[in-house]
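Secondary and tertiary structure notes
One-letter residues, chain by chain:
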Amino acid sequence: MAKKWTEATIVQALGRVFSIERGIDCAPNVLMYLHYYKDRERYQRDRENWGRGEYEADFVYISKSGYLHEIEVKISIADFRNDQKKRHFHDHPEVRGFSYCMPSELYQTHPDEIKSVCEEKGAGLILVQDNGTIKTVIEAIPRLHVPKLPLQSLIFLSKNCCKEMGKNLLTFSLFYI
């Protein structure tokens, strides 16, 4: 019988792999919003192009080369389909790569639909196996116009991740067990 995955258990699996096994800075449930302290013109332009200015990312990590990546966790096909109706589609101006992560069983039951959406959106696809390992099936297409995170953004994200870590202490503590 297949394991019953929840968003929290998938995020824990991602945290274990990215943080412990790969040594990459990462955090769950991060509020993604525009935060330009001095460049008000860029802020206004991005806000007009981007929409309301915020959403919650299920999981983010900063690659060793200094780029921000986002992973959206999906636990059902209805959840996946509803994500396609969102206006912003995970298009924060500082996110270099975007991927979906879901149980392998979900992908096995709807492979054509999921693969088609990923290819159309340039999204990667990460599958969680019953034993908790993860496997990248489709690599995210990098958004080449997105530069490395500037120091100001790294500091901001670090603060945001620390706040979230305090709220989700149980989740984070499971990353390090």
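About the thresholds
Residues numbered from 1 in each chain as written. Predicted model: local features only at pLDDT ≥ 70, side-chain atom pairs only at ≥ 80, totals over all residues. Heavy atoms only, no water. 1 Å grid on protein atoms, 1.4 Å probe; cavity = no way out; pocket = protein on both sides within 12 Å on 5 of 7 lines; lining within 4 Å. Points joined across faces, edges and corners; volume = space filled by probe spheres on them. Helix = DSSP H or I, 4+ residues; strand = E, 2+ residues; numbered from the N terminus. Nonpolar A, V, L, I, M, F, W, Y, C, P; charged D, E, K, R; others polar. Buried < 20%, exposed > 50% of the residue type's maximum accessible area, 1.4 Å probe, protein only. Salt bridge = Lys/Arg side-chain N within 4 Å of Asp/Glu carboxyl O. Core = buried A, V, L, I, M, F, W, Y, C linked by side-chain atoms within 4.5 Å. Contact = heavy atoms within 4.5 Å. Phe/Tyr/Trp six-rings, centres within 6.5 Å; stacked < 30°, edge-to-face > 60°. Lys NZ or Arg CZ within 6 Å of the ring centre and 35° of its normal. Expected span 1.5 Å × (residues − 1). Polar contact = N/O pair within 3.5 Å; in protein donor to acceptor, adjacent residues only side chain to side chain. Arc of directions from axis to C-beta.

**Notes on the layout of surface pockets**
Considering only enclosed or pocket space, the second largest pocket measures out at about 190 Å³ in volume. Those elements that provide at least two residues to the lining of the second largest pocket are strand 3 (68-73), strand 4 (95-103) and strand 6 (134-138). Considered class by class, the residues forming the lining of the second largest pocket number eight nonpolar, four polar and three charged.

**Brief notes about unusual backbone geometry**
The phi angle at N29 is positive, at roughly 50°, despite the residue not being glycine. With respect to the helices and strands, the residue N29 is situated in strand 1 (residues 25-33). Using a relative accessible area of 17% as the deciding quantity, one classes N29 as buried.

**Here we look at the pattern of salt bridges**
For the structure on display, the rule yields five salt bridges. E21 serves as the salt-bridge partner of R16, at 2.6 Å between the closest nitrogen and oxygen. Take R16: its relative accessible area is 27%, and that puts it in the partly exposed class. For R81, the salt bridge goes to E113, with nearest N and O atoms at 2.8 Å. Highlighted residues: R81 in helix 3 (residues 77-83) and E113 in helix 5 (residues 111-121), separated in sequence by 32 residues. Residue classification places R81 among the partly exposed residues on the basis of a relative accessible area of 40%. The network of salt bridges with shared partners includes E72, K74, D79 and D83.

**Considering the nonpolar core**
Formed by 17 residues in total, the largest nonpolar core has its most connected members in L14, F18, F59 and I71. Those elements giving two or more residues to this core turn out to be helix 1 (7-21), strand 2 (54-62), strand 3 and strand 5 (124-128). Excluding residues that lie within four positions of it along the chain, I71 makes contacts with L14, F18, D58, F59, Y61, S99, Y100, C101 and I126. Counting residues in each nonpolar core, the second largest holds 14 residues, with I77, Y107, V117 and I138 among its members.

**Quick look at the packing of aromatic side chains**
Considering all chains together, one arrives at four aromatic pairs under this definition. Aromatic side chains F98 and Y100 sit 5.0 Å apart centroid to centroid with 80° between the ring planes, which places their arrangement in the edge-to-face category. Judged by relative accessible area, which is 2%, F98 ranks as buried. For R96, the ring lying beneath its charged end belongs to Y67, and the centroid distance is 4.1 Å.

**A look at helix 1**
For an α-helix, 3.6 residues make a turn, and residues three or four places apart therefore share a direction. In this model, helix 1 (15 residues) spans 20 Å end to end at C-alpha, consistent with the 21 Å of a helix rising 1.5 Å per residue. Taken together, the buried positions of helix 1 are I10, V11, A13, L14, G15, V17, F18 and S19. Two residues or fewer after helix 1 comes G23, characterised by a positive phi angle close to 65°.

**Some thoughts on the side chain of S63**
Within the secondary structure, S63 is located in the loop between strand 2 and strand 3. Among the polar contacts listed, one links the side chain of S63 to the side chain of S65, at a separation of 3.1 Å.

**Digging into helix 5**
Regarding helix 5, the residues found buried are I114, V117 and C118. Axial view of helix 5: buried residues confined to an arc of 100°, hence all on one face. The exposed set on the far side of helix 5, more than 90 degrees from its buried face, consists of D112, E119 and E120. For helix 5, the elements touching its buried residues are helix 3, strand 4, helix 4 (104-109), strand 5 and strand 6.

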